[in-house]
Amino acid sequence: QKEVEQNSGPLSVPEGAIASLNCTYSDRGSQSFFWYRQYSGKSPELIMFIYSNGDKEDGRFTAQLNKASQYVSLLIRDSQPSDSATYLCAVNAQAGTALIFGKGTTLSVSS
Amino acid sequence: EAEVAQSPRYKITEKSQAVAFWCDPISGHATLYWYRQILGQGPELLVQFQDESVVDDSQLPKDRFSAERLKGVDSTLKIQPAELGDSAMYLCASRNVLFFGPGTRLTVL
C-alpha cells in the first residue's frame, strides 16, 4: 500500500513567520510531488509541484524534495492569515497514474 | 480561465436512495478522475478515465458505485443505494496535475 504521511497539525505560526510543512512517502519510485491548499468547504487548489531533488521557489512558497530520504516539504515565508488552510501533499508514482494524497496539515496563521 | 464543472454542489439524501453526480472537465482534457474526500482526510481515488475508458477503478465500491464517461467528455458518478458512510465531498479532477472542480458535498441521512 503506497502511503503519503503528513502531521495533521494544527500548525500555528504568527503572521510574518515561516511555516514549514512536511510530508513523507513510502514508494521510493515516486516521480512527482505536489502541494495543494484547501480552504474549509472548498476543493483543493494546486500551489506548486516539484520533480527534481532540491528547492523550487514560487513567490512566498518553496518546495523542497529529498528523494533519498523520501521527504518533501513546503515552506511559506511571510505567512499571512489568508494562508490559514489545510495543505495537502500528493505523490505521483508514475506518469499517467492518479495522485496519492496525504491527510493534510492544518495551518493557522495568527495576526 | 477554463474550469472543471460539477453539479449539484450539495446533495442531501436518505440512505438506500440513489444519487448521481455530474462532471464536465476542462475542454480537451482526456484524463478525468473522481475522488472522494471524507471530512478530515485527504482525497482518495475512486476512478480514473482516459477518454471513455476506465484506467483504474480498483478503489471503487462496485456493488453500489458506478461511473461512466460515454463520449469521453463529461462523466457521471452514481451511488445506489447510498449508505451513511458515503457522506463526503466528491471531487472531479482533470488532467495530470489535477485541476479540481468545486466538488459535490453529499450528506446521507
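The notes below deal with the structure included here. These figures come from a predicted structure and were not determined experimentally.

**Some details on the sheet that holds strand 8 (residues 75-79) of chain B**
Residue and element names in this part refer to chain B.
Alright, step 1. Pairing in this open sheet of four strands is antiparallel, and the strands run 1-3-8-7 from one edge to the other. Each end of this open sheet is capped by a strand with a single partner; those strands are strand 1 (5-7) and strand 7 (65-68). Going across the sheet, the axis of each strand differs from the next one's by a mean of 15°, ignoring polarity.

**Observations concerning the side chain of A:Gln70**
All names here are of chain A.
Alright, step 1. Looking at where Gln70 falls in the secondary structure, it is placed in the loop between strand 7 (61-66) and strand 8 (71-76).
Alright, step 2. Side-chain polar atoms of Gln70 contact the backbone oxygen of Tyr25, separated by 2.9 Å.
Alright, step 3. Not counting the four nearest positions on each side in its chain, Gln70 is found in contact with Cys23, Thr24, Tyr25, Ser26, Asp27 and Arg28.

**Regarding the pattern of salt bridges**
All names here are of chain A.
Alright, step 1. According to the stated counting rule, one finds eight salt bridges over all chains in the structure shown.
Alright, step 2. Between Glu57 and Arg77 there is a salt bridge, with its nearest N and O atoms 3.5 Å apart. One end of the pair, Glu57, is in strand 6 (residues 54-58); the other, Arg77, is in the loop between strand 8 and strand 9 (85-92), and 20 residues separate them in sequence.
Alright, step 3. Linking Arg60 and Asp83 is a salt bridge whose minimum nitrogen-to-oxygen distance equals 2.9 Å. Of this pair, Arg60 sits in the loop between strand 6 and strand 7 while Asp83 sits in the loop between strand 8 and strand 9; the two residues are 23 residues apart in sequence, bridging distant segments of the chain.
Alright, step 4. For Asp83, a relative accessible area of 1% corresponds to the buried category.

**Some words on the pairing of strand 7 of chain A**
Residue and element names in this part refer to chain A.
Alright, step 1. Here strand 6 runs beside strand 7; their pairing, made up of five bridges, is antiparallel. Across the sheet, Glu57 pairs through a bridge with Thr62, a residue of strand 7.
Alright, step 2. Hairpin connection between strand 6 and strand 7: a loop of two residues separates the two successive antiparallel strands, and Gly59 in this loop has a positive phi of roughly 65°.
Alright, step 3. Taken together, the six bridges between strand 7 and strand 8 define a ladder with antiparallel strand orientation. Counterpart to Gln64 in the pairing with strand 8 is Ser73.

**Notes on unusual backbone geometry**
Alright, step 1. Cis geometry marks the peptide bond from A:Gly9 to A:Pro10; its omega dihedral reads 10°.
Alright, step 2. Here A:Pro10 shows up in the loop between strand 1 (4-5) and strand 2 (11-14).
Alright, step 3. The amide bond that connects B:Gln80 to the next residue, B:Pro81, takes the cis arrangement and shows omega of 0°.
Alright, step 4. Secondary-structure assignment places B:Pro81 in the loop between strand 8 and strand 9 (88-94).
Alright, step 5. At A:Gln70, a position not held by glycine, the phi torsion is positive, near 55°.
Alright, step 6. We classify A:Gln70 as buried; its relative accessible area is 11%.
Alright, step 7. Backbone geometry places B:Ser16, a non-glycine residue, at a positive phi of 80°.

**Points about the state of the cysteines**
Residue and element names in this part refer to chain B.
Alright, step 1. By the definition in use, this model includes two disulfides over all chains.
Alright, step 2. Across a sulfur-sulfur distance of 1.8 Å, Cys23 and Cys92 are joined as a disulfide pair. On the sign convention where negative means left-handed, the S-S torsion of about -70° between Cys23 and Cys92 marks this disulfide as left-handed. A residue pair is termed long-range when its members are at least 10 positions apart, and Cys23 in strand 3 (residues 19-24) and Cys92 in strand 9 qualify at 69 residues.
Alright, step 3. Given the relative accessible area of 0%, Cys23 is considered buried.

**As for the pairing of strand 9 of chain B**
Residues and elements named next belong to chain B.
Alright, step 1. Of all the seven residues making up strand 9, seven are buried; the element is thus mostly covered by neighbouring parts of the structure.
Alright, step 2. Burial along strand 9 is two-sided: the residues Ala88, Tyr90, Cys92 and Ser94 and Met89, Leu91 and Ala93 are all buried.
Alright, step 3. With six bridges connecting them, strand 4 (residues 31-37) and strand 9 associate as antiparallel partners. Opposite Trp34, over in strand 9, you have Cys92 as the bridge partner.

Parameters at a glance
Residues numbered from 1 in each chain as written. Chains lettered and ligands numbered in written order. Predicted model: local features only at pLDDT ≥ 70, side-chain atom pairs only at ≥ 80, totals over all residues. Heavy atoms only, no water. Pairing = 2+ DSSP bridges. Helix = DSSP H or I, 4+ residues; strand = E, 2+ residues; numbered from the N terminus. Axes fitted to C-alpha atoms, helices over the stretch in contact; angles between N-to-C directions. Polar contact = N/O pair within 3.5 Å; in protein donor to acceptor, adjacent residues only side chain to side chain. Contact = heavy atoms within 4.5 Å. Salt bridge = Lys/Arg side-chain N within 4 Å of Asp/Glu carboxyl O. Buried < 20%, exposed > 50% of the residue type's maximum accessible area, 1.4 Å probe, protein only. Disulfide = S-S within 2.5 Å.

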